[in-house]
Amino acid sequence: MHSVASVRTFTTIGALTVACVIAVSTSAFAKDPGGSQFDVEGSNEKDSGQTLESSIVFSGSTKGSGGESSGGFTPIGNWSPPACWYEPKWTPAEFATEFQKEWDIPHASGVGEAYNLAQDHYKNGNPYEDFNESETGKGLWWSAVRDTDREEAGDPAAFACDTATFWVENGETPNVENAVTPDILAQLAYNRIKVPDTKVTLAPETTTKVNLPTWAWLDQAEFKEVSVTASLNVGGVNIQATTTAKPVSLKLEPGTADAETYPSSGECTFNDDGSIGEPYAKGKADRTPPCGIKYLRSSGDGTYKLQATVTWEVTWTGTGGAGGDLPNGTFGADQEVVVQEIQSVNR
C-alpha cells in the first residue's frame, strides 16, 4: 500500500497570501542568513517545500506494488486525475503545534508582518480563535496536497490548490474544488492503476513472410479486470472508492503502410472468455485470422515495429453508493517483427 503526496499549507488574508511550508533544507530556500521558509508574496514556488505523506492509502493493482509498472496507462482525451486536492490534516492542537513549529525561525525580511497576519487569521479571532480549540472533536483542519510526481515534473496543475487551510466540521463536505470525496478518491486511484504489459502472441512467432497472414492473440489469463481502492480514514472522515479497469479492445498498428490488418480497422474486440483473437493451430493456415496482420512488403535488413494497444474501460464505486464512469484508458507496447520474402525455386 502506498500513500504518495506533497503537502502545503496556504494562508491567504486579504490581498496578502502567506504560504507556510516545511523547507526541504535551509539552503534550498535561503533568502537571508538562516533562511526563510515563507513565500510572503504567495507565489507558491515549487521548490519551497518538503514531501509529507498524505493520509490516503491505495491498495490493489497499483503501480509499484510488484512487477513491471505500467506508467504508460493514460486516459483517452484531455482528461487527467487531480494533480492537487484538499484533505483533512490536523486537529486544533496538532495545527497549533504545526503552526508554531513552522514560524519558529529567524525572522527574515518581511516574515514578521506575515507572521502577524497569520496569527490574526488562525489565533486572534480573524476569523479563527486559538486554532479552533473550542471545536476539538467536532471537525478538522483541511490543507492542500500535491501529487509528488506531477509536482516534481513541474505540472502547473499541481500548484493550483492555493486556498487557505480551512476548518471543516465532521460530516460536512467543504465547498472547495478538489476537496476529497469518493469521486476525487476514484480519480486519484485511476492515476495509480497498473495493467499487464501489452505483448501479443504472434504466429509465426519470430519471422513472418510477405503475404502470409500473421495470427495475433492475447491470453485471457493475463487480461482480466484490475482495480485500485483509495481509502481515507482520518478523524470524522471515513470514505473510499474503488476504480476498476476492464479490457475491451486491442488495436494493432503494423508499423508500415504496406500491410493489412484483420479486421480491417485493426481493432480486435475481446471474446466472452476474456481472450482476444484466436491462437493459431495446425490446419488453420488457409483461414483468415480473427485478429492479425498481413505484411505486403519485406522489412529488408531491419524490422517493423508492431504497436499493440489495449483500451481499458474504467468505472468506479464508492462510499454511500456513489459511482460512475471515468474516461477509458490505453496502454500499449512495441514489438519487433521481421518480414521476409517467400523464397521460391524455379525448375
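The structure under discussion appears in the preceding block.
Residues numbered from 1 in each chain as written. Predicted model: local features only at pLDDT ≥ 70, side-chain atom pairs only at ≥ 80, totals over all residues. Heavy atoms only, no water.

Caption draft 1: Representation of unusual backbone geometry within the structure. For the peptide bond that leads from Asn126 to Pro127, omega is 10 degrees, which places it in the cis range. As for its position among the elements, Pro127 is in the loop between α2 (111-122) and β7 (139-146). With omega at 0 degrees, the peptide bond leading from Ala203 into Pro204 counts as cis. Note on placement: Pro204 falls in the loop between β9 (201-203) and β10 (207-209). Backbone geometry places Phe131, a non-glycine residue, at a positive phi of 60 degrees. Here Phe131 lies in the loop between α2 and β7. One non-glycine residue, Asn178, adopts positive backbone phi at about 70 degrees. Following the sequence through the fold, Asn178 ends up in the loop between β8 (166-169) and α4 (182-190). By relative accessible area, Asn178 is classed as partly exposed at 23%. (Helix = DSSP H or I, 4+ residues; strand = E, 2+ residues; numbered from the N terminus. Buried < 20%, exposed > 50% of the residue type's maximum accessible area, 1.4 Å probe, protein only.)

Caption draft 2: Focus on the state of the cysteines. Overall, the coordinates contain two disulfides when judged by the stated rule. Here Cys268 is linked by a disulfide to Cys291, with a sulfur-sulfur distance of 2.2 Å. What sets the handedness of the Cys268 and Cys291 disulfide is the S-S torsion sign, and at about 90 degrees it is right-handed. In this pair, Cys268 is assigned in strand β15 (residues 267-269) and Cys291 in the loop between β16 (276-277) and β17 (292-295), connecting sequence segments 23 residues apart. (Disulfide = S-S within 2.5 Å.)

Caption draft 3: Inspection of the packing of aromatic side chains at higher detail. Counted by the stated rule, this structure contains 19 aromatic pairs. Aromatic side chains Trp215 and Tyr280 sit 5.5 Å apart centroid to centroid with 65 degrees between the ring planes, which places their arrangement in the edge-to-face category. Here Trp215 is found in strand β11 (residues 214-218), whereas its partner Tyr280 is found in the loop between β16 and β17, with 65 residues between them in sequence. For Trp215, a relative accessible area of 2% puts it in the buried group. Seen in terms of ring centroids, Tyr295 and Tyr304 are 5.2 Å apart; in terms of plane orientation they differ by 5 degrees. Their pairing is stacked. One exposure class covers both Tyr295 and Tyr304, and it is buried. Through a chain of ring-to-ring contacts, the aromatic side chains of Trp90, Phe95, Phe99, Tyr122, Tyr128, Phe131, Trp141 and Trp167 assemble into a single cluster. Directly above the aromatic system of Phe58 lies the positively charged group of Arg192, at a separation of 4.0 Å from the ring centroid. (Phe/Tyr/Trp six-rings, centres within 6.5 Å; stacked < 30°, edge-to-face > 60°. Lys NZ or Arg CZ within 6 Å of the ring centre and 35° of its normal.)

Caption draft 4: Quick peek at the layout of surface pockets. Taken as a whole, the second largest pocket holds about 190 Å³ of empty space. Lining the second largest pocket, in full, are Trp142, Gly171, Glu172, Thr173, Pro174, Val180, Thr181, Pro182, Gly236, Val237, Asn238 and Ile239. It is strand β13 (residues 237-253) that provides the largest number of residues to the lining of the second largest pocket, a total of three residues. Of the residues assigned to the lining of the second largest pocket, the class counts are six nonpolar, five polar and one charged. (1 Å grid on protein atoms, 1.4 Å probe; cavity = no way out; pocket = protein on both sides within 12 Å on 5 of 7 lines; lining within 4 Å. Points joined across faces, edges and corners; volume = space filled by probe spheres on them. Nonpolar A, V, L, I, M, F, W, Y, C, P; charged D, E, K, R; others polar.)

Caption draft 5: Seen up close, the pattern of salt bridges. All chains considered together, the criterion is met by eight salt bridges. Taking the shortest distance from any N to any O, the salt bridge between Arg150 and Asp155 comes out at 2.9 Å. The class of Arg150 is buried, set by a relative accessible area of 15%. The exposure class assigned to Asp155 is partly exposed, which follows from its relative accessible area of 22%. The salt bridge involving Arg287 is made with Glu278; its shortest N-O contact spans 3.3 Å. (Salt bridge = Lys/Arg side-chain N within 4 Å of Asp/Glu carboxyl O.)

Caption draft 6: Examining the pairing of strand β6 (residues 84-90) more closely. With six of seven residues buried, β6 is to be regarded as a mostly interior element. Bridging between β6 and β7 involves six bridges; their strand directions are antiparallel. Note that in β7 the partner of Cys84 across the bridge is Arg146. (Pairing = 2+ DSSP bridges.)

Caption draft 7: Region of the structure containing the nonpolar core. By size, the foremost hydrophobic cluster in this structure holds 71 residues, and its most contacted members are Ile56, Phe73, Trp142, Leu250, Leu252 and Trp312. No other element matches the seven residues that strand β18 (residues 304-318) contributes to this core. (Core = buried A, V, L, I, M, F, W, Y, C linked by side-chain atoms within 4.5 Å.)

Caption draft 8: Looking closely at the side chain of Thr243. Mapped onto the elements of the fold, Thr243 is located in strand β13. In terms of polar contacts, Thr243 uses its side chain to reach the backbone carbonyl oxygen of Ala186, at 2.7 Å. Once residues within four sequence positions are removed from consideration, Thr243 is found in contact with Ala186, Ala189, Tyr190, Ile193, Val226, Ser227, Val228, Val314, Thr315, Trp316 and Leu326. (Polar contact = N/O pair within 3.5 Å; in protein donor to acceptor, adjacent residues only side chain to side chain. Contact = heavy atoms within 4.5 Å.)

Caption draft 9: Focus on helix α1 (residues 92-103). Between its first and last C-alpha, α1 extends 17 Å over twelve residues, near the 16 Å set by a 1.5 Å rise per residue. Among the residues of α1, Pro92, Phe95, Glu98, Phe99, Glu102 and Trp103 are the ones counted as buried. Buried residues of α1, seen end-on, are gathered within an arc of 125 degrees and therefore sit on one face of the element. Away from the buried face of α1 by more than 90 degrees, exposed residues Ala93, Thr97 and Lys101 are located. (Expected span 1.5 Å × (residues − 1). Arc of directions from axis to C-beta.)

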